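# Geometric and topological summary
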Amino acid sequence: MERVFIGLGSNLAEPVQQLRHALASIAKIPQTELLRCSSFYRSAPVGPGDQPDYINAVAELETELAALQLLEQLQRIENAQGRERTVRWGARTLDLDILLFGPQRIDEPRLQVPHPRMAERNFVLLPLAELEPDLQLPSGESIQTLLQRCPPNRLEKI
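Secondary structure assignment for the protein chain yields 4 helices and 8 strands. Secondary structure elements of the protein chain occur, N-terminal to C-terminal, as β-α-β-β-β-α-β-β-β-α-α-β. Taking 15 Å as the expected radius of gyration for a compact globule of 158 residues, we find that the protein chain reaches 14 Å, a close match to that expectation. Counting only C-alpha atoms, the protein chain reaches 40 × 35 × 30 Å along its principal axes. At a minimum sequence separation of 6, the contacts of the protein chain that also span at least 24 residues come to 69%. A total accessible area of about 8000 Å² is found for the protein chain, and carbon and sulfur atoms account for 48% of it. Taking the average place of the 17 positive charges on the side chains of the protein chain and the average place of its 21 negative ones, the gap between the two points comes to 3 Å.

Have a look at this one:
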């Protein structure tokens, strides 16, 4: 079993409900157990155009699936909830990102782990630190060090 952290985000079609529905769907992924989820946070959008605020969270899982198998399951959930991939970093009903997959470093065309931009995103780091305040990344960096270096962005626990 690998311990996995998933970033969740939504800013369309009732974002809080989108995240709740996604968590229920994640709990049904075969060979996977949803262990817990952080609080939900409201954050300013990162991306093009005038977008609504996001609702973000981080979930902790244990899975027997390989990383790409889990990615496929997460993308099925996104698609089932109306995810459209038209504009990079654009508004979306649901975004599910594998942030960490155990101690593994993965560099595949479809998947990079640790997530390549998580160190720049307080809406990922703060919920992750809420779940695991002493977390060490595969690089050896601590979640607390990353949080201290992270650019500020409007973030509110809801």
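Membership of the largest hydrophobic core comes to 26 residues, with the highest contact counts inside it found for Leu 8, Leu 70, Leu 96 and Ile 98. For this core, the elements supplying multiple residues, two or more each, are β1 (2-10), α1 (15-26), β4 (54-63), α2 (67-80), β5 (95-101) and β7 (111-113). Ranked by residue count, the leading element in this core is α2, at 5 residues. Those residues in contact with Leu 70, other than ones at most four positions away along the chain, are Val 4, Ile 6, Ile 29, Leu 61, Thr 63, Leu 65, Ile 98 and Phe 101. With 16 residues, the next largest nonpolar core counts Val 58, Leu 100, Leu 131 and Leu 137 among its residues.

Within the fold, Glu 72 resides in helix α2. Overall, Glu 72 belongs to the partly exposed group, its relative accessible area being 35%. Along the chain, Glu 72 and Pro 114 lie 42 residues apart, while their C-alpha atoms are 17 Å from each other.

Time to look at the state of the cysteines. The final tally for this structure, using the stated rule, is 0 disulfides. Counting only cysteine sulfurs, Cys 150 is the nearest neighbor of Cys 37, a cysteine outside any disulfide, at a range of 19 Å. Note on Cys 37: relative accessible area 28%, which makes it partly exposed. Taking relative accessible area as the criterion, Cys 150 reaches 11% and is therefore assigned buried.

Once that is clear, we can look at the side chain of Thr 93. Its place among the elements puts Thr 93 in the loop between α2 and β5. Of the residues examined, Thr 93 reaches a relative accessible area of 12% and is grouped as buried. When residues no more than four places from it in sequence are discounted, the contact partners of Thr 93 are Gly 9, Ser 10, Leu 12, Ala 13, Gln 18, Gln 81, Gly 82 and Arg 83.

The rules we used
- For every chain, the first residue of its written sequence is number 1, and the numbers climb from 1 along that sequence.
- A pLDDT threshold of at least 70 governs which residues receive local features in this predicted model, and a stricter bar of 80 or more applies before side-chain atom pairs are shown or counted, although totals over entire chains, interfaces and linings include all residues.
- Working from all heavy atoms in the structure, the side-chain values ignore hydrogens and water.
- Only runs of H or I of at least four residues qualify as helices and only runs of E of at least two qualify as strands under DSSP, and these elements are numbered from the N terminus.
- With C-alpha atoms as the basis for the radius of gyration, the globule rule is written as 2.2 Å multiplied by the number of residues raised to the power 0.38.
- Whether two residues are in contact is decided by their heavy atoms, any of which lying within 4.5 Å being enough.
- All accessibility values rest on the Shrake-Rupley procedure with a 1.4 Å probe; residue burial counts only the protein chains present in the view.
- The charged-residue count follows a simple rule in which Lys and Arg add positive charge and Asp and Glu add negative charge, with His and chain termini not counted at all.
- Taken as the charge location is NZ of Lys, CZ of Arg, CG of Asp or CD of Glu.
- Here, the term nonpolar core denotes a set of buried Ala, Val, Leu, Ile, Met, Phe, Trp, Tyr and Cys residues that are joined through side-chain atoms within 4.5 Å.
- Categorising residues by exposure relies on relative accessible area from a 1.4 Å probe, with only protein chains included: less than 20% of the type maximum marks a residue as buried, more than 50% marks it as exposed, and the intermediate range marks it as partly exposed.
- We call a pair of cysteine sulfur atoms a disulfide when they lie within 2.5 Å.

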